[in-house]
Amino acid sequence: MWMMADEAADAPPSTSSEGEELVQRLCSVFRDLAEGRVEALEEIYELAAERIYGLALWKTGSPDDAADVLQDVMVKVALQGPRLAAVRNPRAWLLGVTRRRSLDLARRRRVREAQPIQETPFLVSQSLDPARGVDAARASALLSRLPAKQREAIYLRCFVDCSFAEIGEILGVPTFTAASRYRLGMEKLRRELGSR
Amino acid sequence: MMKHTDPERVFAGLEVPGPPDELHNLVVSRARAAFLEGARWDLWTRLWEHPVLRVAWAASVGLLIIAHLGMSVQPGSTPTVVTSQPSYQIEEIIEATRLPRLRLDVASVGVSLDDELTPGDRPSVARHKEMS
């Protein structure tokens, strides 16, 4: 069974208003970059790097690949230029690009060598409580057993606070499929957690 | 300590690892370099992507098409068909281009070909010498 610190359980979940605020800020810096303000790249990194890296990590299962994907995505953003002004939902756009880059990288990796991802730290704990560290390692091990499609749906729902419609947009699937992947993944995790 | 089987409750206390700190400068500098590299075609891309200019281009092309159609297909008129030129026009052209025949009996300079000369008006050799 899973042991969890009280303060961690009481941590406020991310709200949709926070997500909307992030989207608005990204829209603003996208417009800045589209108008030629190169400094906006720094702001985009500050706002989006964690989510881009997180999705790439959960998709590829490799911190090194996630770093490569983050760099590729930022370069792609820089090369878009004025086209960025036409992006309506920058968060979904960035995460969609991240997913496609991750897929490309994962395909290349598969050709090179099939590497296990059981060791990948999908989740970590900032708590000083060692029990939380153990929980994070176990949760990561469980997540590594999920199909990547279910894992990315869970990440986008639980850690990026995306709606299912937005997840569908990012993953390039209908909303129903996005919700189904999330639900299947969570059911598997629930079964695994209950059996321990 | 609490026991949980709900994944969302488990996730609540944990975080997804962020990118390494050393990645920040590297990624931003490469993105900046890519941006500056891309600035070479930036002007044309701006022109191409500018929404107002796009509308203006579309409007001008539309106007040109409408004007073309309006001029080529006027109401109540049948399109003119170019055929071979009628014979009377050809005769006129031949007449206009035909050189007048030189009249041998008009040898004097300054006498128009159109002047009617009678045999009596023919200049004599003596008059010719006077003129010269």
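My aim in this report is to walk through the structure given alongside it, one point at a time.

Quick notes on the rules
- Residues numbered from 1 in each chain as written.
- Chains lettered and ligands numbered in written order.
- Predicted model: local features only at pLDDT ≥ 70, side-chain atom pairs only at ≥ 80, totals over all residues.
- Heavy atoms only, no water.
- Helix = DSSP H or I, 4+ residues; strand = E, 2+ residues; numbered from the N terminus.
- Buried < 20%, exposed > 50% of the residue type's maximum accessible area, 1.4 Å probe, protein only.
- Areas by Shrake-Rupley, 256 points an atom, 1.4 Å probe, with all protein chains shown as cover.
- Contact = heavy atoms within 4.5 Å.
- Buried area = accessible area lost by both parts, 1.4 Å probe.
- Salt bridge = Lys/Arg side-chain N within 4 Å of Asp/Glu carboxyl O.
- Polar contact = N/O pair within 3.5 Å; in protein donor to acceptor, adjacent residues only side chain to side chain.
- Nonpolar A, V, L, I, M, F, W, Y, C, P; charged D, E, K, R; others polar.
- Patch = residues over 30% accessible without salt bridge, like charges linked within 9 Å, V, L, I, M, F, W, Y side chains within 5 Å.
- Phe/Tyr/Trp six-rings, centres within 6.5 Å; stacked < 30°, edge-to-face > 60°.
- Lys NZ or Arg CZ within 6 Å of the ring centre and 35° of its normal.
- Axes fitted to C-alpha atoms, helices over the stretch in contact; angles between N-to-C directions.
- Parallel < 35°, antiparallel > 145°, perpendicular 65-115°, else oblique.

**Remarks on the overall build of chain A**
Within chain A one finds nine helices and one strand. Taken from the N to the C terminus, the helices and strands of chain A come in the order β-α-α-α-α-α-α-α-α-α. Buried positions account for 52% of the 196 residues belonging to chain A. Element-wise, carbon and sulfur atoms account for 50% of the exposed surface of chain A, whose accessible area totals about 9,300 Å².

**Thoughts on the overall build of chain B**
When helices and strands are tallied, chain B shows six helices and one strand. Taken from the N to the C terminus, the helices and strands of chain B come in the order β-α-α-α-α-α-α. Among the 132 residues that make up chain B, the fraction classed as buried is 15%.

**Concerning the interface of chain A and chain B**
Residue-level contacts link 55 residues of chain A with 35 residues of chain B. Overall, the association of chain A and chain B removes approximately 4,100 Å² of surface from exposure, summing both partners, and the carbon and sulfur fraction of that is 71%. Connecting chain A to chain B are zero salt bridges. Our enumeration of links across chain A and chain B arrives at six residue pairs in polar contact (both at pLDDT 80 or more). Contributing elements (two or more residues each) for the side of chain A that touches chain B: β1 (2-4), α1 (6-9), α2 (16-34), α3 (40-60), α4 (63-80), α6 (130-145), α7 (148-158) and α9 (175-194) of chain A. Broken down by element, the side of chain A that touches chain B gets its largest block of residues, 10 residues, from α3 of chain A. For the side of chain A that touches chain B, the per-class residue count stands at 39 nonpolar, six polar and 10 charged.

**Observations regarding the pattern of salt bridges**
All names here are of chain A. If you walk through the whole model with that rule in mind, you get nine salt bridges over all chains. For Asp-32, the salt bridge goes to Arg-37, with nearest N and O atoms at 2.7 Å. Judged by relative accessible area, which is 34%, Arg-37 ranks as partly exposed. The closest approach of N and O atoms between Lys-59 and Glu-152, which form a salt bridge, is 3.2 Å. Within this pair, whereas Lys-59 is found in helix α3, its partner Glu-152 is found in helix α7, the two being separated by 93 residues in sequence.

**Digging into a nonpolar patch on the surface**
All names here are of chain B. A contiguous nonpolar surface patch, about 270 Å² in accessible area, is contributed by Val-61, Ile-65 and Leu-69. Tracing the chain through its elements places Val-61 in helix α4 (residues 51-72). Looking at Val-61, the relative accessible area reads 44%, which means it is partly exposed.

**A look at the packing of aromatic side chains**
What the rule picks out here adds up to seven aromatic pairs over all chains. Their ring planes at 50 degrees and their centres at 5.3 Å tell us that Phe-159 of chain A and Phe-11 of chain B sit as a pair that is tilted. One end of the pair, Phe-159 of chain A, is in the loop between α7 and α8 (164-171); the other, Phe-11 of chain B, is in helix α1 (residues 7-12), on a second chain. Summarising the burial analysis for this pair, Phe-159 of chain A and Phe-11 of chain B share the class buried. An aromatic cluster is defined as three or more aromatic residues linked by ring pairs; in this entry it consists of Trp-58, Phe-122, Tyr-155 and Phe-159 of chain A together with Phe-11 of chain B. The cationic tip of Arg-157 of chain A hangs over the ring face of Phe-164 of chain A; the distance from NZ or CZ to the ring centre is 4.4 Å.

**So, the packing of α7 of chain A against α9 of chain A**
All names here are of chain A. Contact geometry of α7 with α9 gives a least axis separation of 8 Å together with a crossing angle of 100 degrees. Between α7 and α9, the interaxial angle falls into the category roughly perpendicular. Counting all contacts with α7, which are made through Lys-149, Gln-150, Glu-152, Ala-153, Ile-154, Arg-157 and Cys-158, the residues of α9 involved are Ala-178, Arg-181, Tyr-182, Leu-184, Gly-185, Met-186, Lys-188 and Leu-189.

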